[in-house]
Amino acid sequence: MQELIKIKELNMHYPITDGLTGNIKGYTYALNNVNLEIYENEILGLVGESGSGKSTLGNCILRLLKPTSGEIYYRGEDITSKTKKELQEYRKRAQLIFQNPYMSLNPRMKIYDILKEPFIVNKSNPVSHFAADSPSPYKCSIKNREKIEEKIREIISLIGMKEEVLNRYPHEFSGGQRQRIAIARAIILNPEFIAADEPVSALDVSIQAQIINLLIKLKENLNLTMLFISHDLSVIKYISDRIAVMYLGEIVELASKDELFNNHKHPYTEALLNSVPHPQDDTTEKKEIIKGEIPSPQNPPKGCKFHTRCPYVTDKCRIEHPEFYEISPNHRVRCFLCENKS
Ligand code: SF4
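What counts, and at which threshold
Residues numbered from 1 in each chain as written. Predicted model: local features only at pLDDT ≥ 70, side-chain atom pairs only at ≥ 80, totals over all residues. Heavy atoms only, no water. Core = buried A, V, L, I, M, F, W, Y, C linked by side-chain atoms within 4.5 Å. Buried < 20%, exposed > 50% of the residue type's maximum accessible area, 1.4 Å probe, protein only. Contact = heavy atoms within 4.5 Å. Salt bridge = Lys/Arg side-chain N within 4 Å of Asp/Glu carboxyl O. Helix = DSSP H or I, 4+ residues; strand = E, 2+ residues; numbered from the N terminus. 1 Å grid on protein atoms, 1.4 Å probe; cavity = no way out; pocket = protein on both sides within 12 Å on 5 of 7 lines; lining within 4 Å. Points joined across faces, edges and corners; volume = space filled by probe spheres on them. Nonpolar A, V, L, I, M, F, W, Y, C, P; charged D, E, K, R; others polar.

1. With respect to the nonpolar core
Ile111, Leu115, Ile156, Leu215, Phe228, Leu233 and Val245 are the most contacted members of the largest nonpolar core, which totals 67 residues. Other than its neighbours up to four places away in sequence, leucine 215 contacts Ile97, Ile183, Pro199, Met226, Phe228 and Ile239. Ranked by size, the runner-up nonpolar core spans 31 residues in total, among them Leu4, Leu31, Ala244 and Phe324.

Structural data, given as structure tokens:
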């Protein structure tokens, strides 16, 4: 498996400032020493409760946020400290699908203009094999304008919509249709990597499956690599090849989908799985359901960050911080229960 993205010791700590003096009075520890690889042509599911740092990690990988420390490599190139200008090429290769299709499309723009905008913002030609010295499409080259229109028509058909929609406004569409348009905008520049941040959680259940199937189809047809962020394990199970479980800014378990669902080791993963309701299975009520709420990332617990909610907590867990142990090839767990299995 070829690595597309590598993350080393990534930290994102937001300063909390005093409103009156502007002095820093603390930090929100959103990401703590995250190490992760994303392989070419896989869908990596990232799951955890709200406030676990999933979106922050996605935004750091896309360099919409500059991390406090650590390194992010894209195809072996360090993009951690690149400037806005230096990131221009990366922006075409790595795109984002937002959670809320009602907020992410400009209500004043027709769908055609929404899909044309990425070419303008990224000063990009509509096809990747365009000669490097060809004129910018925005210097009104008729040939390039035609290429853009052709590309827009191609993409609108790829997402299962008709060309008539190009002349309409976002408010004329349902949530599922809007999310299709948002996906079209994300893939129109031929990216290699997509971060999809809770792309179906704002949609009706009946529509969620359609959008997930569309993402799987696009991943296959366009050779995409995807980071799929969700708090919903049943959605993650359906779409992902590997799954990373996050808790309070740390990855606590990382494994292939089958390994995670059949042989999970971290008590938090177990608690998340126990929380998934099974309509035809009355054992859900008898399972150990996770108690309490995720602690504040401004004041995370010492030792193991999960110790305040863990049914297997020991004195050691309250004092020491567990390593990310590799218990078998491609299966890592951050828990002292796995200390001697690595
Ligand atoms: Fe629970 Fe201890 Fe493992 Fe943390 S290290 S998950 S508190 S058993």
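2. Things to note about the pattern of salt bridges
Using the criterion set out here, one finds 18 salt bridges in the structure. Here glutamate 40 and arginine 75 are joined by a salt bridge, their closest N and O atoms 3.0 Å apart. Residue glutamate 40 is found in the loop between strand S2 (24-39) and strand S3 (43-47), and its partner arginine 75 is found in the loop between strand S4 (69-74) and strand S5 (77-78); the two are separated by 35 residues along the sequence. A residue is classified by how much of its surface remains accessible, and glutamate 40, at 34% relative accessible area, is partly exposed. Residue arginine 334 pairs with glutamate 250 through a salt bridge whose shortest N-O separation is 3.8 Å. One end of the pair, arginine 334, is in the segment after strand S12 (331-333); the other, glutamate 250, is in strand S10 (residues 250-256), and 84 residues separate them in sequence. Across the pair, exposure class does not vary: arginine 334 and glutamate 250 are buried alike. Salt bridges sharing partners connect three or more residues here, namely Glu3, Lys6, Glu37 and Arg332.

3. Concerning the layout of surface pockets
In this structure, the largest pocket encloses a volume near 580 Å³. Lining the largest pocket are 21 residues, with Leu64, Arg91, Gln95, Val121 and Asn122 sitting closest to its centre. Broken down by secondary-structure element, the contributors of at least two residues to the lining of the largest pocket are helix H2 (88-93), strand S6 (94-97), helix H3 (111-121) and helix H5 (175-187). If you tally residues by element for the lining of the largest pocket, the top one is S6, at four residues. In terms of residue class, the lining of the largest pocket is made up of twelve nonpolar, four polar and five charged.

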